[in-house]
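Working through the structure, step by step
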Amino acid sequence: MLLHARIPNRVGNLGSLVETLLPWFGLFIPVLLAGALWRRSASAAVALLLPVTAWLSLFGGLLTDKSRPGADLTVASHNVDAGNPDPAGTARDLAASGADVLALEELTQQALGAYETGLAKAYPYHTVQGTVGLWSKLPLSDTEPVDIKTDYGPLADTKPADVTMAYNRALRTTVTTDQGPLTVYVAHLGSVRVMPRGGFWTVSRDRGAQALAEALAADPSKRVVLLGDLNGTMDDRAFAGITSRLRSVQDAVGDGFGFSWPAKFPVARIDQILVRGVKPESSRVLPATGSDHLPVAAGISW
């Protein structure tokens with residue numbers, strides 16, 4: 001657990017896979033304790049202090065609620081799932097969340113109308129760029145797609161702009177607040193797969209994470225919020241370029257691990273809210289909708 005950064009990625013991206021599941025390595029501790037008790041070995045039981053200490057040093061801070069009451073703005077993000085059987089119901093649930101700014105990922109043309117209708121009353125401003133969108137109670141401006149290398153390869157530049165936009169998975173916009181402009185990014189990075197022969201396949205996601213990190217590095221904005229399904233945990237080394245510039249609100253002020261996927265039995269937090277130049281106040285996971293992801297929300301202040 002302590003040396004996870006030294007596990008190489010050369011074979012099957014083993015290092016990234018371990019980092020994705022890192023909190024769950026604590027489950028080996030009671031198994032080892034049971035073995036020590038079965039062997040009636042005092043020295044083995046005492047030796048378990050080492051993995052216990054290691055786990056607590058990494059994740060002990062997540063066991064307490066660090067949230068603070070009050071926030072100037074509440075932001076939320078939800079991968080609504082392209083196969084969501086009830087987009088209208090999901091829209092109603094999200095509108096009732098109280099978020100001031102709401103990011104949606106994995107939007108489809110078939111379901112887009114249901115979200116626009118269901119969210120229109122609560123959110124008078126919205127923008128959709130490809131398969132991601134942002135709904136806001138405050139005005140939006142300077143909206144543009146962000147190239148995270150979703151369509152990559154020798155033929156990418158030959159495709160018409162409308163075709164490329166249809167598959168766009170990231171945007172940047174400015175939210176006008178009483179305290180000044182807030183730059184908001186919405187992103188849905190490529191999916192990952194665990195394959196018996198290929199190991200942990202993350203090529204598309206890692207390429208997108210690097211491109212997104214470069215966009216954030218070049219952005220001069222003082223106040224930045226990143227919302228989205230990044231298809232990875234912030235322990236994964238693939239996100240070092242992002243976490244070196246933005247901080248996770250869940251790590252800073254969350255209650256628990258904040259796991260968001262899969263919705264029926266969450267094992268990892270792959271839906272993220274990261275910030276720069278604002279003060280995190282709270283972070284929470286919202287109740288399940290018709291999606292296979294859970295929504296996440298955070299309170300921020302200036």
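The structure this text deals with has already been given above.
Thresholds applied
Residues numbered from 1 in each chain as written. Predicted model: local features only at pLDDT ≥ 70, side-chain atom pairs only at ≥ 80, totals over all residues. Heavy atoms only, no water. Pairing = 2+ DSSP bridges. Helix = DSSP H or I, 4+ residues; strand = E, 2+ residues; numbered from the N terminus. Axes fitted to C-alpha atoms, helices over the stretch in contact; angles between N-to-C directions. Contact = heavy atoms within 4.5 Å. Buried < 20%, exposed > 50% of the residue type's maximum accessible area, 1.4 Å probe, protein only. Left-handed = near helix turned anticlockwise from the far one by under 90°. Nonpolar A, V, L, I, M, F, W, Y, C, P; charged D, E, K, R; others polar. Arc of directions from axis to C-beta.

Points about the sheet that holds strand S14 (residues 296–301)
- Taken together, six strands build an open sheet; the order of strands is S3-S4-S2-S1-S14-S13 and the sheet is mixed. The two strands at the open ends of the sheet, each matched to only one other strand, are strand S3 (125–129) and strand S13 (279–285). Taking the axes of each pair of neighbouring strands and ignoring which way they run, one obtains an average angle of 15° across the sheet.
- Pairing analysis gives five bridges linking strand S2 (residues 101–105) to strand S4 (residues 132–136), with the strands arranged antiparallel.

Topic: the sheet that holds strand S7 (residues 180–188)
- Pairing within the open sheet is mixed, and its six strands lie in the order S5-S6-S7-S10-S12-S11. Sheet topology places strand S5 (140–145) and strand S11 (247–248) at the edges, where each strand pairs with a single neighbour.
- Bridge count for strand S6 (residues 170–177) against S7 is eight bridges, and the pairing is antiparallel. Paired with Thr177 across the bridge in S7 is Gly180.
- Against the sheet, helix H8 (residues 203–218) engages S7, strand S10 (224–229) and strand S12 (271–276), with an angle of about 170° to S7.

Some words on unusual backbone geometry
- Each neighbour pair has its own omega, and for Trp261 with Pro262 the value is -10°, a cis peptide bond.
- Positive phi outside glycine occurs at Asp81, with the angle close to 75°.
- With respect to the helices and strands, Asp81 occurs in the loop between strand S1 (73–79) and helix H5 (87–95).
- Judged by its relative accessible area of 17%, Asp81 is buried.
- We note that Glu106 has phi near 65°; this positive angle belongs to a residue other than glycine.
- Within the element layout of this structure, Glu106 appears in the loop between S2 and helix H6 (109–119).

Let's talk about the packing of H5 against H6
- Interhelical geometry of H5 versus H6 gives an angle of 30° and a closest axis separation of 8 Å. The interaxial crossing formed by H5 with H6 has right-handed handedness. Here Pro87, Ala88, Thr90, Ala91, Leu94 and Ala95 of H5 lie close against H6, whose contacting residues are Ala111, Ala114, Tyr115, Gly118 and Leu119.
- Residue classes in the contact of H5 with H6 are distributed as nine nonpolar, two polar and no charged.

Thoughts on H6
- Buried within H6 are the following residues: Ala111, Leu112, Tyr115 and Leu119. Seen along its axis, H6 keeps its buried residues to an arc of 120°; they face one direction. Of the exposed residues in H6, the ones pointing more than 90 degrees away from its buried face are Gln110 and Thr117.
- Where the residues of H6 are buried, they touch H5, S2, S3 and S4.

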